[in-house]
Amino acid sequence: DQQVKQNSPSLSVQEGRISILNCDYTNSMFDYFLWYKKYPAEGPTFLISISSIKDKNEDGRFTVFLNKSAKHLSLHIVPSQPGDSAVYFCAARLNTGGFKTIFGAGTRLFVKA
Amino acid sequence: EPEVTQTPSHQVTQMGQEVILRCVPISNHLYFYWYRQILGQKVEFLVSFYNNEISEKSEIFDDQFSVERPDGSNFTLKIRSTKLEDSAMYFCASSRRGGQGFNEQFFGPGTRLTVL
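Residues numbered from 1 in each chain as written. Chains lettered and ligands numbered in written order. Predicted model: local features only at pLDDT ≥ 70, side-chain atom pairs only at ≥ 80, totals over all residues. Heavy atoms only, no water.

Brief notes about the overall build of chain B
Per the secondary structure count, chain B includes zero helices and eleven strands. The linear arrangement of helices and strands in chain B, starting from the amino end, is β-β-β-β-β-β-β-β-β-β-β. In terms of overall dimensions, chain B is globule-like: its C-alpha atoms have a radius of gyration of 13 Å, near the 13 Å expected for 116 residues. A burial count over chain B gives 46% of its 116 residues as buried. Put simply, of all contacts in chain B between residues at least 6 apart along the chain, 55% involve residues at least 24 apart. Summed over its atoms, the accessible surface of chain B is roughly 5900 Å², and 46% of this surface lies on carbon and sulfur atoms. Positive and negative side-chain charges in chain B, numbering 11 and 14 respectively, have mean positions lying 1 Å apart. (Helix = DSSP H or I, 4+ residues; strand = E, 2+ residues; numbered from the N terminus. Rg over C-alpha atoms; globule rule 2.2 N^0.38 Å. Buried < 20%, exposed > 50% of the residue type's maximum accessible area, 1.4 Å probe, protein only. Contact = heavy atoms within 4.5 Å. Areas by Shrake-Rupley, 256 points an atom, 1.4 Å probe, with all protein chains shown as cover. Lys, Arg positive; Asp, Glu negative; His and termini not counted. Charge placed at Lys NZ, Arg CZ, Asp CG, Glu CD.)

Some thoughts on the overall build of chain A
Broken down by element type, chain A carries zero helices and eleven strands. When the helices and strands of chain A are listed from N to C terminus, the series reads β-β-β-β-β-β-β-β-β-β-β. Here chain A has a C-alpha radius of gyration of 14 Å; the compact-globule value for 113 residues is 13 Å, and the two agree. Over its C-alpha atoms, taken along the principal directions, chain A stretches across nearly 45 × 30 × 20 Å. By the burial criterion, 51% of the 113 residues in chain A qualify as buried.

Focus on the state of the cysteines
Evaluation of the coordinates by the stated rule reveals two disulfides over all chains. Each disulfide pairs two cysteine sulfurs, and for Cys-23 of chain A the partner residue is Cys-90 of chain A, the sulfurs being separated by 2.0 Å. On the S-S bond that ties Cys-23 of chain A to Cys-90 of chain A, the torsion sits near -75°, and the link is left-handed. Pair noted here: Cys-23 of chain A is in strand S3 (residues 19-25) and Cys-90 of chain A is in strand S9 (residues 86-95), with a separation of 67 residues, a long-range link. Since its relative accessible area comes to 0%, Cys-23 of chain A is described here as buried. Between the sulfur atoms of Cys-23 of chain B and its disulfide mate Cys-92 of chain B the distance is 1.9 Å. (Disulfide = S-S within 2.5 Å.)

Some points on the interface of chain A and chain B
With 25 residues of chain A at the interface, the matching set in chain B holds 23 residues. Roughly 1800 Å² of surface becomes buried between chain A and chain B when both sides are summed, with 55% attributable to carbon and sulfur atoms. Remark: the boundary between chain A and chain B carries one salt bridge. A salt bridge links Glu-59 of chain B to Lys-100 of chain A, with the shortest nitrogen-to-oxygen separation between them at 3.7 Å. At the junction of chain A and chain B, the tally comes to one residue pair in polar contact (both at pLDDT 80 or more). Listing elements by their share of the side of chain A that touches chain B, those giving two or more residues are strand S4 (30-38), strand S5 (45-51), S9 and strand S10 (99-103) of chain A. A total of five residues in the side of chain A that touches chain B trace back to one element, the largest contributor, which is S4 of chain A. For the side of chain A that touches chain B, the class distribution of residues is eleven nonpolar, eight polar and six charged. (Buried area = accessible area lost by both parts, 1.4 Å probe. Salt bridge = Lys/Arg side-chain N within 4 Å of Asp/Glu carboxyl O. Polar contact = N/O pair within 3.5 Å; in protein donor to acceptor, adjacent residues only side chain to side chain. Nonpolar A, V, L, I, M, F, W, Y, C, P; charged D, E, K, R; others polar.)

Description of the pairing of S4 of chain A
Along any regular strand the residues' side chains alternate between the sheet's two faces. Counting buried positions along S4 of chain A gives nine out of nine residues, so the element sits mostly inside the fold. From the end of S4 of chain A to the start of S5 of chain A, which pair antiparallel, there are six residues, and Ala-41 of chain A there has a positive phi angle of about 65°. (Pairing = 2+ DSSP bridges.)

Overview of unusual backbone geometry
With omega at -10°, the peptide bond leading from Val-78 of chain A into Pro-79 of chain A counts as cis. Residues Thr-7 of chain B and Pro-8 of chain B are joined by a peptide bond in cis, for which omega reads -10°. Along the polypeptide, Pro-8 of chain B turns up in the loop between strand S1 (5-7) and strand S2 (10-13). The phi torsion at Lys-71 of chain A lies on the positive side, around 50°, for a residue other than glycine. When you line up the elements, Lys-71 of chain A lands in the loop between strand S7 (62-67) and strand S8 (72-77). Looking at Lys-71 of chain A, the relative accessible area reads 26%, which means it is partly exposed. Phi at Asn-52 of chain B is positive, roughly 65°, even though this residue is not glycine.

Concerning the pattern of salt bridges
Residue and element names in this part refer to chain A. As enumerated under the stated definition, the model contains five salt bridges over all chains in all. Between Lys-56 and Glu-58 there is a salt bridge whose closest N-O contact spans 3.9 Å. Asp-84 is the salt-bridge partner of Arg-61, the closest N and O atoms lying 2.8 Å from each other. Here Asp-84 lies in the loop between S8 and S9 and Arg-61 lies in the loop between strand S6 (56-59) and S7, a separation of 23 residues in the sequence.

In structure tokens, the structure reads:
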């Protein structure tokens, strides 16, 4: 099941610069796309979402862009901070009457001070 | 701040034994979920639960699995006869609503299940 793909297992960025995390999907029926952040020994924490009918959503330092024609979304973090170092999961919600959330494999972000 | 709690944090069991993983969702939430993450792999959806019944489940959630909300606060995942491949981190989550709009899911810290 590869409906949500994060092709970069890791990303290293200097503090203060932009972090760009990418995600591709295959299922046109997803109605929401989500980004979660996960620290070791903790559950995922919701960061930001975007509806499939939007192309951008911004919340503070975090912006998610959605390109439906390319079936691609990205999370931008500006400026990156050392506390942002974590695993970031892209996820997508499938509305089939009930709701199922499909996760990508995650990208580990390292923000260097 | 309210949070989802899970017990135990680590459960070790013998293959073939039954296990029950427990979760206390956030108190005013109505939708409940279980996910699992096998070591080094992605987080996988297992089941969602609303109004005392399963609203969606994945192919992983076969007859060996069941969920229950036995009282007003707990939400449990039972694995009837554990297999080695059930070893994983199991996350419970809850959301206030689950309708057409987006509703943030709040995750617990997880229970690590080890099947020997």
